[in-house]
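# An overview of the molecular structure
One-letter residues, chain by chain:
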Amino acid sequence: MPPDATPEPPKPPEPGPGTSGPGTPGHGTPEPPKPPEPGPGTSGPGTPGHGTPEPPEPGPGTPGPGTPGPGTPEPPESGAGTSGPGTPGHRVLSPEEAAAYERLRHASTQRHRKARYAGSSLLLLITLLLSVPAVVAAWTADTVSDTDRYVDTVAPLASEPAVQDVVTDRLTARVVANVDVDAVTRELGKALADAGAPPAIVDRTEALAGPLKAAVTDVVHGIINRVVTSGTFEEVWVDANRRAHAAVVGMLTGDDSGAVRAEGDSIKLDVGPLIDDVKQRLVAQGFDKASAIPAPDAQITLFQTDKLNEAQDALRLLDVMGAWLPVITIVLAALTVWIAPAHRVMLLITASGIAVMMIVLLVGLAVARRIYLDSVPTSVLPTDAAAAIYDTFVRFLRDSTRTLLVVAVITALAAYLFGPSRVARWVRGQSARGTGAAGHALRDAGLRTGAAGRWLDTHRSWSTGIVIGAGALALLLWNRPTVGVVALVVGLVVVALALVAVLAATATRPPKTDFTRPG
C-alpha cells in the first residue's frame, strides 16, 4: 500500500432481519471501527486528505450533526441541584417559590414607598410651618442690616400728608410752649406805662395774651408747615433716619441709647435736629427770641403696644435666624420633592402648600394692621397717620410675600402641565403642534440648524430643564424680585422654550400624509 494512502473503513453490513436501518444502530450491531491514527501523509482528524472519502450526506434515518438519534440518551434537564447551561450555581425556582419571591419583593417595595411617603410628608409639614417665619426673618434681616433698605422703608413717611400734619402740630405746640407770651404782655404794659399811657390802657394789655398767643401760634404753624411740606424736611428726615439706623438695630436688640428707642410700651423717634432747623428759620423771620428756645425732648411715638417686650424677643430671634432660616426652608422643600416617590406630584403639593401659607401671611398682616390701629389711642397718634406708618413699614414684607405667592402658583401650574391629565396633554399637544408647524415652515424656507437642531430634537428634556433652571436661577440671584420681575422672567422662559422647540422641529421632517383612498 502506498504510504500516502488511507485505508478505507469497512462497509456496514446490509440490513437484514433483526438489524436496524441505515445510520440507526440497533441490538447486535457492531460499533464502527475507530479511525486510524494520523501518520505520515495522513490528514488530521476532520480534515479530508488525499484518498479519504468525504462523509456521506445525511439521509433518512441518519442523525444530523448535533441531533441525537434513536437510542441516544438526551442530556438531563436542569432541575433542583443542577446548574443551567453557562450559569454555574444558578438554581431555577419552582412556580411556588417564584410566586413567593414576587410577593416578598412587592411587599418590600411597598414598605420602601411607604417610608419615602412618610418622610416626605414630615418634611413637607416642617417646610410649610417654616415658610412664614422664613419670609418674615428675611425681611427683618434685610431691613435691619441694610442701611439703604431701611432708609427706603421710612423715607416715604416724610411725604405722607397725615404724618406731616402730626409733625407740624407737635412741633408748633412745642415751640409755642417755649414762648412766654405773658412776659411779652407784661413788657408791653410796662412800656406803655413808661410812655405815660392811661392806666386803663395799661391794664388792658393783659387781655392781649390770648390773641397774641393765637397770633404766635398761627405764625409758627405756618412756618413749620412750610418747612415740613418742603423738600428740606424730606432731606432732614432721610438724613436723620440714616444716622439713626444704628439706633434702630439697638432698639431691636434692646439698646435704648439711639434716636429710635423703646420706652415702656412705645417706640419713639427723636426729631431734635428738625426743631433746630425750625428755630433757625424763626430767627430768620424776625423772631429773635426763638434762638433762646431750649432743646426739648422732642420725640414722636411711632408704635405703642403692650406686647413690645415679646415683640423685641421675637425680632431678636428672627434677626439671628434671618440669614439661615430661608436657606433651611428651601433645602427642606427640595428634600421633600426629592424623597417622595412621585417627584412631580410632590412638587405640585409643595408649591400649592407654600402658596396657601403666603395667603395666610397676607391675611395675618391685614389682621395685625387692624389690631395695631385699634391699640393706638387717637390722642397719641391719629388713625390715618398710624395707618400710613404701618403700611409704610410693612410694604416690603407685603411685596416679598406676594412675589413668593406668584412664584409658588407658577411652579404648581408648571408641575400640573407636565402631568398626565387631559388638560395637560391637550396643552402640550397644542404647543407641540404649533412649534412643530413653525419649525417645519422655517425648514421649508431654507433654515438649517444642523447638529445643534438635531441635539435639541434628541435631548428635548435636557433643553427644557436647562431653560427652566436658568429662569429659577435668575430669580434666586435677582436682588429683591417683585411680581413684575417674576412675570418678566416667566415670559422670557416661555419664549425660550418655544424657540427651542421650534429649532428642534427644524431638524425633523413633517410626517407625510397619505391622501389615497383605501382599496
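Since we're looking at a predicted model, the values are computed, not measured.

Tallying secondary structure elements over the protein chain gives 17 helices and three strands in all. Burial status across the protein chain gives 29% buried among its 519 residues. Pairs at least 24 apart in sequence give 78% of the contacts found in the protein chain among residues at least 6 apart. Surface exposure of the protein chain reaches about 32,500 Å², of which carbon and sulfur atoms provide 64%.

Glancing now at the packing of aromatic side chains. This structure, assessed with the given rule, holds one aromatic pair. Seen in terms of ring centroids, Tyr-372 and Tyr-390 are 5.6 Å apart; in terms of plane orientation they differ by 25°. Their pairing is stacked. With Tyr-372 in helix H12 (residues 343-375) and Tyr-390 in helix H13 (residues 383-417), this residue pair connects regions lying 18 residues apart in the sequence. Each member of the pair Tyr-372 and Tyr-390 is classed as buried.

For residues other than glycine, phi is negative in most cases, and the peptide bonds are mostly trans. One non-glycine residue with positive phi stands out, namely Arg-480, at about 55°. Within the element layout of this structure, Arg-480 appears in the loop between helix H16 (460-477) and helix H17 (483-505). Taking the relative accessible area as the measure of exposure, Arg-480 reaches 29% and is therefore partly exposed.

With that settled, consider the side chain of Gln-164. By secondary structure assignment, the location of Gln-164 is in helix H3 (residues 161-177). Here Gln-164 falls in the buried class, since its relative accessible area comes to 11%. Excluding residues within four positions of it along the chain, Gln-164 makes contact with Ala-158, Ser-159, Val-228 and Thr-229.

Residues Leu-157, Val-220, Met-358, Tyr-372 and Leu-381 are the most contacted members of the largest nonpolar core, which totals 51 residues. Of all the secondary structure elements, the ones that give two or more residues to this core are helix H1 (95-145), helix H2 (147-154), H3, helix H6 (209-228), helix H7 (231-243), H12 and H13. When residues in this core are grouped by element, the largest group, 12 residues, is from H13.

Our next topic: the pattern of salt bridges. The tally for this structure, following the rule as stated, stands at five salt bridges. Notably, a salt bridge pairs Arg-369 with Asp-391, separated by 2.8 Å at the nearest N-O pair. Linking Arg-369 in helix H12 with Asp-391 in helix H13, this pair joins segments that are 22 residues apart in sequence. According to the relative accessible area criterion, Arg-369 is partly exposed, its value standing at 25%. When the shortest N-O distance is used, the salt bridge between Arg-460 and Asp-457 registers 3.0 Å. Accessibility expressed as a relative area gives 37% for Arg-460, which makes it partly exposed.

Okay, the packing of helix H14 (residues 422-444) against H17 next. Two elements in contact, H14 and H17, have axes whose closest approach is 7 Å; the angle formed by their N-to-C orientations is 50°. As the angle between them shows, H14 and H17 are arranged oblique. Along this stretch, H14 crosses H17, giving a crossing that reads as right-handed. Contacts from Thr-435, Gly-436, Ala-438, Gly-439, His-440 and Leu-442 of H14 reach H17 at Ala-498, Ala-501, Val-502 and Ala-505. Tallied by class, residues from the contact of H14 with H17 come to six nonpolar, four polar and no charged.

A cluster of nonpolar side chains, namely Val-327, Val-331, Leu-335 and Trp-338, defines an oily patch on the protein surface of about 390 Å² accessible area. For Val-327, the position within the fold is in helix H11 (residues 325-339).

To continue, consider H17. With 23 residues, H17 extends 33 Å between its outermost C-alpha atoms, agreeing within 8% with the 33 Å of an ideal straight helix rising 1.5 Å per residue. Where H17 is concerned, the buried positions are Val-485, Val-486, Val-489, Val-493, Val-500, Ala-501, Val-502, Ala-504 and Ala-505. Looking at the buried side of H17, the elements it contacts are H13, H14, helix H15 (450-458) and H16.

Per-residue confidence for the protein chain averages 73 on the pLDDT scale, and 61% of its residues sit at or above 70. Confidence over residues 15-30 falls short of pLDDT 50; this stretch has 13 contacts with residues more than four positions distant or in other chains. Counting interchain partners and residues more than four positions distant, the pLDDT-below-50 stretch residues 513-519 has zero contacts.

Moving on, we get to the environment of Ile-224. Mapped onto the secondary structure, Ile-224 falls in helix H6. Accessibility expressed as a relative area gives 0% for Ile-224, which makes it buried.

When two helices pack together, their arrangement is given by the angle between their axes and by how far apart the axes lie. Look at H15 against H16: their axes get within 5 Å of each other, and the N-to-C directions meet at 90°. In terms of orientation, H15 lies roughly perpendicular with respect to H16. Contact residues: Trp-455, Leu-456, Asp-457 and Thr-458 in H15; Arg-460, Trp-462 and Ser-463 in H16. In the contact of H15 with H16, the residues fall into three nonpolar, two polar and two charged.

Relative to the assigned elements, Met-346 resides in helix H12. Since its relative accessible area comes to 6%, Met-346 is described here as buried. For Met-346 and Ala-415, which are 69 residues apart along the polypeptide, the C-alpha to C-alpha distance reads 9.1 Å. Excluding its chain neighbours within four sequence positions, the residues that come into contact with Met-346 are Ser-120, Leu-124, Thr-336, Val-337 and Ala-340.

Thresholds applied
- Residues numbered from 1 in each chain as written.
- Predicted model: local features only at pLDDT ≥ 70, side-chain atom pairs only at ≥ 80, totals over all residues.
- Heavy atoms only, no water.
- Helix = DSSP H or I, 4+ residues; strand = E, 2+ residues; numbered from the N terminus.
- Buried < 20%, exposed > 50% of the residue type's maximum accessible area, 1.4 Å probe, protein only.
- Contact = heavy atoms within 4.5 Å.
- Areas by Shrake-Rupley, 256 points an atom, 1.4 Å probe, with all protein chains shown as cover.
- Phe/Tyr/Trp six-rings, centres within 6.5 Å; stacked < 30°, edge-to-face > 60°.
- Core = buried A, V, L, I, M, F, W, Y, C linked by side-chain atoms within 4.5 Å.
- Salt bridge = Lys/Arg side-chain N within 4 Å of Asp/Glu carboxyl O.
- Axes fitted to C-alpha atoms, helices over the stretch in contact; angles between N-to-C directions.
- Parallel < 35°, antiparallel > 145°, perpendicular 65-115°, else oblique.
- Left-handed = near helix turned anticlockwise from the far one by under 90°.
- Nonpolar A, V, L, I, M, F, W, Y, C, P; charged D, E, K, R; others polar.
- Patch = residues over 30% accessible without salt bridge, like charges linked within 9 Å, V, L, I, M, F, W, Y side chains within 5 Å.
- Expected span 1.5 Å × (residues − 1).
- pLDDT = per-residue confidence, 0-100.

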